[in-house]
Amino acid sequence: MKMADSQSSGLEQETEDGERGRKAYTNKEKDGVTETLSFNGKNGSSKDKKCSLSDLSLVRFITTELTRGYFLEHNEAKYTERREKVYTCLRIPKELEKLMIFGFFLCLDAFLYVFTLLPLRVLLALLRLLTRPCCGLSGSRLLQPAQVCDVLKGFIMVLCYSMMSYVDYSMMYHLIRGQSVIKLYIIYNMLEVADRLFSSFGQDILDALYWTATEPKEKNRAHIGVIPHFLMAVLYVFLHAILIMVQATTLNVAFNSHNKSLLTIMMSNNFVEIKGSVFKKFEKNNLFQMSNSDIKERFTNYILLLIVCLRNMEQFSWNPDHLWVLFPDVVMVIASEVAVDVVKHAFITKFNDISADVYGEYRASLAFDLVSSRQKNAYTDYSDSVSRRMGFIPLPLALLLIRVVTSSVKIQGSLSFMCVLLFYLGMITLKVLNSIVLLGTSCTFVKEANMEEKLFDPPPSAVSSRVNSRAHRTKHVHTTPQQEPATDKGRTSLASVNSPPDHVAESSAPTLPTSNSDTFLTTPDEEDDDKIINTDTGTEGDGLKHRTPKKDLLEIDRFTICGNRID
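Residues numbered from 1 in each chain as written. Predicted model: local features only at pLDDT ≥ 70, side-chain atom pairs only at ≥ 80, totals over all residues. Heavy atoms only, no water.

1. So, the overall build of the protein chain
Spelled out, the test is: Only DSSP runs of H or I with at least four residues qualify as helices, and only runs of E with at least two residues qualify as strands; both kinds are numbered from the N terminus onward. Throughout, exposure labels follow a simple rule: accessible area from a 1.4 Å probe, protein chains only, divided by the maximum for the residue type, with under 20% read as buried, over 50% as exposed, and the rest as partly exposed. Pairs of residues are marked as contacts when any of their non-hydrogen atoms sit within 4.5 Å. Computed with the Shrake-Rupley method and a 1.4 Å probe, the accessible areas treat only the protein chains shown as cover for residues.
Along the backbone of the protein chain there are 20 helices and five strands. Burial status across the protein chain gives 38% buried among its 567 residues. Counted over contacts in the protein chain with a minimum sequence separation of 6, partners at least 24 positions apart contribute 82%. When the accessible surface of the protein chain is totalled, it reaches about 34600 Å², and 62% of it is carbon and sulfur.

Set out below in structure tokens:
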């Protein structure tokens, strides 16, 4: 009984102490007295001081706001990352322009090839074809595959030029000039989209023609014949040349408009491109495609500006004073292109955490194409590899330039023919010097990237590339075995799914060379591709089995699907 009485009295004492504490707390709130935040003392110690409401004055608050401090070093990693992003954005203009200049001279080399070396190669092939019966050679091919392709290109250019001679440029100019400004703006945007579609399908048409004409006779020919492919190629080059002519005419109308409103609208279209590109997720392969597209677009715009200047100079009887009238507009168009490209690439690399060093990789990849086309085991011409990589097909653009120059410049007398001959020799000299400098620079880039080993690798077959593309698009779903009722066994089975055995990882991982070029020219897989989805539980595991193969930059063409889109 005494023990029970003592326990009941202890409980009553505790309840009384609790009630006293509550009353004291409520009295403290009523009095408006709060405890001060002391940064020097410990919580709950006897050294804590209390202040009344009168101590919390406006002067003390302002003094605290003026004297309080903070330490950025407590979050050093965050601010270091922000600083590196700023440095990356500052490096983008320099690295991007290096790539653009290198790509410009690559396009110039392929473009000059059509005017300089291609006619000479066609003449040599025809000379070999005509002198073959006299030499008495039999049992071998009439022409080498490269010579067959050159002859086909020459015939395409001749036929398309004869067809282009019936197109009246002046009538097209006045027809476009009579349209409203908004209608011309819409037409110009439609022409840009059509140009990309033509470039994508046109290179396939030309490649199909070259392969059909040079396919070995031993193989079973499953095609419609060389002549239908040739007619398709002629029709494509002619239509693409007409498309570029309409683009050049629209740009010429914009230059000659009185209030320059159309030119301003066309330039603002470049800034709309920033909105459509910056706020999207980009991988390294997608950025490579966009860089190639920007190189091709910039070179094409230079040729279009040259055509516009030629047509305007002809209308003003080649008065040099009129050239200075066109010069500010030309500079404004080029400056807007450069500014848009710099801003676009700077923010794409910032939002996607891509280093500025990636443009050096792109430069090395383009240089590898040039160096590999000079090898003995080369399987394509360099101009064709540029067309596939950048989407730049020089035949329609060269055809249009020849058409404009021949209609603008009148050749009369022997002196004019001598000037044309000297100009042609100068173009050949420029082509040779450009090729030599590009080849030396490309060898340097390839050596710096440690890509010499890839020069001796065989070209990828169509079957392997098709398998890789299918594997890249396939979503891998992994089913787990039936779980046993025992909890330990269930944990063991889940652990085996999330961490596969060593021999499975070794068998699934492909054997790659140990050179730096493999890590240099490959893009890491996406996080979604690395995850294995369990259909029974809906969970995701980081397994190595069924991992999507990495795509090399050397396998990325202009119109290859990377991820889920083409940039």
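Continuing now.
2. Comments concerning the pattern of salt bridges
Between side chains of opposite charge, a pair can form when the charged atoms approach closely. Rule in force here: The rule for a salt bridge is simple: a side-chain nitrogen of Lys or Arg has to be within 4 Å of a carboxyl oxygen of Asp or Glu.
The tally for this structure, following the rule as stated, stands at 14 salt bridges. With a closest N to O distance of 2.6 Å, D150 and R121 form a salt bridge. With a gap of 29 residues between them, D150 in helix 5 (residues 145–164) and R121 in helix 4 (residues 117–135) connect regions that are remote in the sequence. Taking relative accessible area as the criterion, R121 reaches 34% and is therefore assigned partly exposed. Beyond isolated ion pairs, a larger network of salt bridges with shared partners links E97, D294, R298, D341 and K344.

3. Considering unusual backbone geometry
Although it is not a glycine, W318 sits at a positive phi angle of roughly 55 degrees. Take W318: it is sitting in the loop between helix 10 (284–315) and helix 11 (320–351). The class of W318 is partly exposed, set by a relative accessible area of 39%. The phi torsion at D353 lies on the positive side, around 55 degrees, for a residue other than glycine. Relative to the assigned elements, D353 resides in the loop between helix 11 and helix 12 (358–372).

4. Quick word on the confidence of the model for the protein chain
For the record, the criterion: What pLDDT reports is the predictor's confidence in each residue, on a scale of 0 through 100.
Of the residues in the protein chain, 68% have a pLDDT of 70 or more, and the chain-wide mean is 75. Note that pLDDT drops below 50 for residues 462–549; the model gives that stretch 85 contacts with residues more than four away or on any other chain.

5. Some points on the packing of aromatic side chains
To be explicit about the condition: Between the rings of Phe, Tyr and Trp (Trp by its six-membered ring), a pair exists once the centres lie within 6.5 Å; its type follows the angle of the planes, with under 30 degrees stacked, over 60 edge-to-face, and the other angles tilted. Lysine and arginine charges are scored as sitting over a ring when NZ or CZ, respectively, is within 6 Å of the ring centre and within 35 degrees of the ring normal.
Under the counting rule described, the total for this entry stands at 13 aromatic pairs. With a centroid separation of 5.0 Å and an interplanar angle of 70 degrees, the aromatic rings of F111 and F115 are classed as edge-to-face. Residue F111 and its partner F115 are located together in helix 3 (residues 76–115), separated by four residues, close to a single helical turn. Taken together, a centroid distance of 5.8 Å and an interplanar angle of 65 degrees make the contact between W324 and F327 edge-to-face. Taken together, the positions of W324 and F327, both in helix 11 and three residues apart, correspond to about one turn of that helix. Among the residues examined, F327 registers a relative accessible area of 46% and is labelled partly exposed. An aromatic cluster is present here, built from F104, F105, F111, F115, F299, Y302 and F392 joined pairwise through their rings. In this structure, K78 is placed above the aromatic ring of Y79, and the distance from its NZ or CZ to the ring centre is 5.9 Å. Here R363 stacks its cationic end above the ring of F445, 4.9 Å away from the centre of that ring.

6. Notes on helix 14 (residues 394–408)
How we decide: By definition here, a helix of n residues has an expected span of 1.5 Å times n minus one.
Relative to the 21 Å expected for 15 residues at 1.5 Å per residue, helix 14 spans 21 Å between its end C-alpha atoms, a close match to the ideal helical length. Most of helix 14 is tucked away: twelve of the 15 residues are buried. Each element contacted by the buried residues of helix 14 is listed here: helix 3, helix 5, helix 7 (181–214), helix 8 (226–256), helix 10 and helix 13 (382–390).

7. What about a nonpolar patch on the surface?
Rule in force here: Patches were defined on residues exceeding 30% relative accessible area and lacking a salt bridge, with like-charge contacts within 9 Å and nonpolar side-chain contacts (Val, Leu, Ile, Met, Phe, Trp, Tyr) within 5 Å.
On the surface, W318, V405, V409, I411, F417 and V420 cluster together into a nonpolar patch covering about 510 Å² of accessible area. In this structure, I411 sits in the loop between helix 14 and helix 15 (414–448).

8. Things to note about the environment of I428
Looking at the element boundaries, I428 is found in helix 15. Once residues within four sequence positions are removed from consideration, I428 is found in contact with T116 and L120.

9. Points about the packing of helix 3 against helix 12
The condition that has to hold: Between N-to-C directions, angles cover 0 to 180 degrees, with each direction set by a line fitted to C-alpha atoms, over the stretch in contact for helices. For this classification, under 35 degrees means roughly parallel, over 145 means roughly antiparallel, 65 to 115 means roughly perpendicular, and everything else is oblique. Here a crossing is called left-handed whenever its near helix is offset anticlockwise from the far helix by less than a right angle, and right-handed whenever the offset is clockwise. Polar here means any residue other than Ala, Val, Leu, Ile, Met, Phe, Trp, Tyr, Cys and Pro, which are nonpolar, and Asp, Glu, Lys and Arg, which are charged; Gly is therefore polar.
Relative orientation of the contacting elements helix 3 and helix 12 amounts to 15 degrees, with a least axis distance of 9 Å. One finds that helix 3 runs roughly parallel with respect to helix 12. Two packed elements cross with a definite hand, and for helix 3 against helix 12 that hand is left-handed. Along the contact surface, helix 3 presents I92, E95, L96, K98, L99, F102 and L106, while helix 12 presents Y359, Y362, R363, L366, A367 and L370. Residues belonging to the contact of helix 3 with helix 12 are distributed by class as follows: ten nonpolar, no polar and three charged.

10. As for the nonpolar core
The nonpolar side chains of a soluble globular protein tend to be buried, and buried together. As a reminder of what qualifies: Residues belong to one nonpolar core when they are buried, are Ala, Val, Leu, Ile, Met, Phe, Trp, Tyr or Cys, and are joined through side-chain atoms within 4.5 Å.
Grouped together as the largest cluster of nonpolar side chains are 107 residues, with contacts concentrated most on F111, I156 and F255. Per-element tally for this core: the top contributor is helix 8, with 17 residues. Not counting chain neighbours up to four residues away, the residues in contact with F111 comprise F299, I303, F392, P394, L397, A398 and L401.

11. A look at the side chain of K153
Within the fold, K153 resides in helix 5. For K153, a relative accessible area of 5% corresponds to the buried category. Other than its neighbours up to four places away in sequence, K153 contacts L118, Y210, D381, S383 and D384.

12. Here we look at the side chain of S257
Spelled out, the test is: Polar contact criterion, stated in full: a pair of N or O atoms within 3.5 Å, where within protein one must be able to donate a hydrogen and the other to accept it, and residues adjacent in sequence count only if both atoms are side-chain atoms.
Among the secondary structure elements, S257 is positioned in the loop between helix 8 and helix 9 (261–278). A residue is classified by how much of its surface remains accessible, and S257, at 18% relative accessible area, is buried. Side-chain polar atoms of S257 contact the backbone oxygen of A254, separated by 2.9 Å.

13. So, the packing of helix 10 against helix 12
Direction vectors running N to C along helix 10 and helix 12 enclose 65 degrees, while the axes themselves pass 11 Å from each other. The angle between helix 10 and helix 12 falls in the class roughly perpendicular. For helix 10 against helix 12, the interelement crossing comes out right-handed. Contact residues: K284, L287, F288, S291, N292 and I295 in helix 10; V358, Y359, E361, Y362, S365 and L366 in helix 12. Classifying every residue of the contact of helix 10 with helix 12 by side-chain character gives seven nonpolar, three polar and two charged.

14. Description of helix 12
Given 3.6 residues per turn, any residue in an α-helix points the same way as the ones three and four places further on. Across its 15 residues, helix 12 extends 21 Å between first and last C-alpha, which sits within 8% of the 21 Å expected from 1.5 Å per residue. Of all 15 residues in helix 12, 14 are buried, a share of seventy percent or more.

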